[in-house]
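Notes for the structure review
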Amino acid sequence: MDYKNPNLVIDQNNLQEGKVRWRSPSNIAIIKYWGKHGVQLPRNPSLSLTLDAAHTDTTLSYRPRQGVDQSQIQAKVYLDGKEEEKFSAKTASYLESLLPIFPFIKQFDFELHTHNSFPHSAGIASSASGMSALALCLCSIEDQFFQNLLKDDDFERKASYVARLGSGSACRSVYGGAAMWGKSGHVENSSDEYALPLNDQIHEVFKTFHDDILLISKKEKSVSSRAGHALMEQNPYADPRYAQARQRMYQLLQAMQQGDLDVFGRICEAEALSLHALMMTSTPPYLLLEGNTIEAIKRLWAFREESGHPVYFTIDAGPNLHLLYPDQVAEPAKAFIRSELLPLCEGSSYIADRVGDGPLQLEPNTDA
Ligand code: PMV
């Protein structure tokens, strides 16, 4: 798959200013992507549930540049109304890297207004929601000027591909429900270059899932995920890990088709612990879990043992715990979380989220 297209240059007579706006959600990986190569290509396939409450709203305004301007791409980024120079520079270089795919980028100056629904201090990565929102905005601009991404599949696949170039896990946020990314012999059309929607292939119960994100610590993490991916290149367990992820993907897909919550939960928790074991076996080793993360896991296991309720945890590259459970056990699960787990969270804070329907175009409003 190659999205390079030198023909996407807008005729001077049609150049005009405008804006597009997308809301795009974050996602939580069940099979984790950890380790990459080339240009944001994953070492193993991953699968995630798309969230709802944790999302980014991005408005991308574009204004024609005067004359043929070969100078650097101009992109001003405002986070909650405040200009962020660091993000402006990063966005400009991301847009520059996309020129072979969207040559029209150099015909405009850009202004980007972005807002995350979750506080920065919540320790939730905003890269998946933020990069997918921006990728969707760029595809909308292409669509407005060229009308060549008419089928939803084409539009979403390209948005997923472009989002991946910004942040790997962002490519999965383009689809609601469940999405997978990475070549797997068990899924037709799967690719390392973009994600695929899995919603038609999974049991309804997973679409009712809650994800309560327990904020064990709001501190900035000590090792970024970029550095974490890089450390996998020297990790002695890297190859067995990638084989393990592939095998788990196969088992998970079957469990999700059949609605087998037990197998889902077992794989989900094993993946979280494998991810953190990889961090502990990197050189130098590092640890992102906090004491309260481990205490919360033990309390959850005891609760499950006693009640039999299908409530499972997963963890991303940080100390916070995501508690996943189907809607049918929401009442006892929430009661347990409130009484036993919230005291372990910083400021007793958590975000109540659920599996969501995927991104939403806010402007131009296509329903109007
Ligand atoms: O997309 P990145 O480069 O921020 O990496 C994300 C890695 C994990 O969140 C830990 C796992 C995943 O698959 O989302």
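The structure under discussion appears in the preceding block.
Before going into details, it helps to say that this report is about the structure given with it. (Residues numbered from 1 in each chain as written. Predicted model: local features only at pLDDT ≥ 70, side-chain atom pairs only at ≥ 80, totals over all residues. Heavy atoms only, no water.)

Here we look at helix α6 (residues 261–280)
- Here α6 spans 29 Å end to end across 20 residues, near enough to the 28 Å set by a 1.5 Å rise per residue.
- Two to three positions downstream of the cap, the backbone nitrogen of D262 sits 3.2 Å from a side-chain oxygen, assigning the N-cap of α6 to D260. (Helix = DSSP H or I, 4+ residues; strand = E, 2+ residues; numbered from the N terminus. Expected span 1.5 Å × (residues − 1). Polar contact = N/O pair within 3.5 Å; in protein donor to acceptor, adjacent residues only side chain to side chain.)

Details of the nonpolar core
- The biggest cluster of nonpolar side chains holds 80 residues, and the ones touching the most others in it are L47, L49, L60, F102, F110, M256 and F264.
- The dominant element in this core, judged by the number of residues it contributes, is helix α2 (residues 127–146), at 10 residues.
- Among residues more than four places away in sequence, those in contact with F264 are I30, L49, F206, F209, L252, A255, M256, Y312 and L324. (Core = buried A, V, L, I, M, F, W, Y, C linked by side-chain atoms within 4.5 Å. Buried < 20%, exposed > 50% of the residue type's maximum accessible area, 1.4 Å probe, protein only. Contact = heavy atoms within 4.5 Å.)

Looking at helix α3 (residues 152–166)
- In this model, α3 (15 residues) spans 21 Å end to end at C-alpha, consistent with the 21 Å of a helix rising 1.5 Å per residue.
- When we look at burial in α3, the residues that qualify are F155, K158, A159, S160, Y161, V162, A163 and R164.
- Tucked inside the fold, the buried residues of α3 contact β1 (18–31), β3 (41–42), α1 (85–97), α2, β8 (178–181) and β9 (195–197).

Regarding the pairing of strand β11 (residues 312–315)
- What you see with β11 is no split at all: Y312 and T314 on one side and F313 and I315 on the other are buried throughout.
- Taken together, β11 and the strand that follows it, strand β12 (residues 321–325), pair antiparallel across an intervening segment of 5 residues. (Pairing = 2+ DSSP bridges.)

Description of the packing of α2 against α3
- Direction vectors running N to C along α2 and α3 enclose 135°, while the axes themselves pass 8 Å from each other. In terms of their interaxial angle, α2 and α3 are classed as oblique. For the element pair α2 and α3, the recorded crossing hand is right-handed. Where α2 approaches α3, its residues M131, S132, A135, L136, C139, S140, E142 and D143 are matched on the opposing element by F155, K158, A159, V162, A163 and G166. (Axes fitted to C-alpha atoms, helices over the stretch in contact; angles between N-to-C directions. Parallel < 35°, antiparallel > 145°, perpendicular 65-115°, else oblique. Left-handed = near helix turned anticlockwise from the far one by under 90°.)

Quick notes on the pattern of salt bridges
- Under the definition given, this model contains 16 salt bridges.
- Here E271 and R248 are joined by a salt bridge, their closest N and O atoms 2.7 Å apart. Of the two residues, E271 sits in helix α6 while R248 sits in helix α5 (residues 238–258), which places them 23 residues apart along the sequence. Across the pair, R248 and E271 agree in class, each one buried.
- We note a salt bridge from E269 to R304, for which the minimum N-O separation is 2.7 Å. Residue E269 is located in helix α6, and its partner R304 is located in helix α7 (residues 291–307); the two are separated by 35 residues in the primary sequence.
- What you see here is one network of salt bridges that share partners, running through K19, R21 and E363. (Salt bridge = Lys/Arg side-chain N within 4 Å of Asp/Glu carboxyl O.)

Description of the site of the ligand
- Taken together, 13 residues lie around the ligand, and Y33, S169, R172, S225 and H229 are the ones closest in.
- S169 places a polar side-chain atom, nitrogen or oxygen, 2.7 Å from an oxygen atom of the ligand.
- Contacts to the ligand include D316, whose side-chain N or O atom sits 3.4 Å from an oxygen atom.
- Here the ligand, which alone exposes 390 Å², has 91% of that area covered by the protein. (Near = heavy atom within 4 Å. Areas by Shrake-Rupley, 256 points an atom, 1.4 Å probe, with all protein chains shown as cover.)

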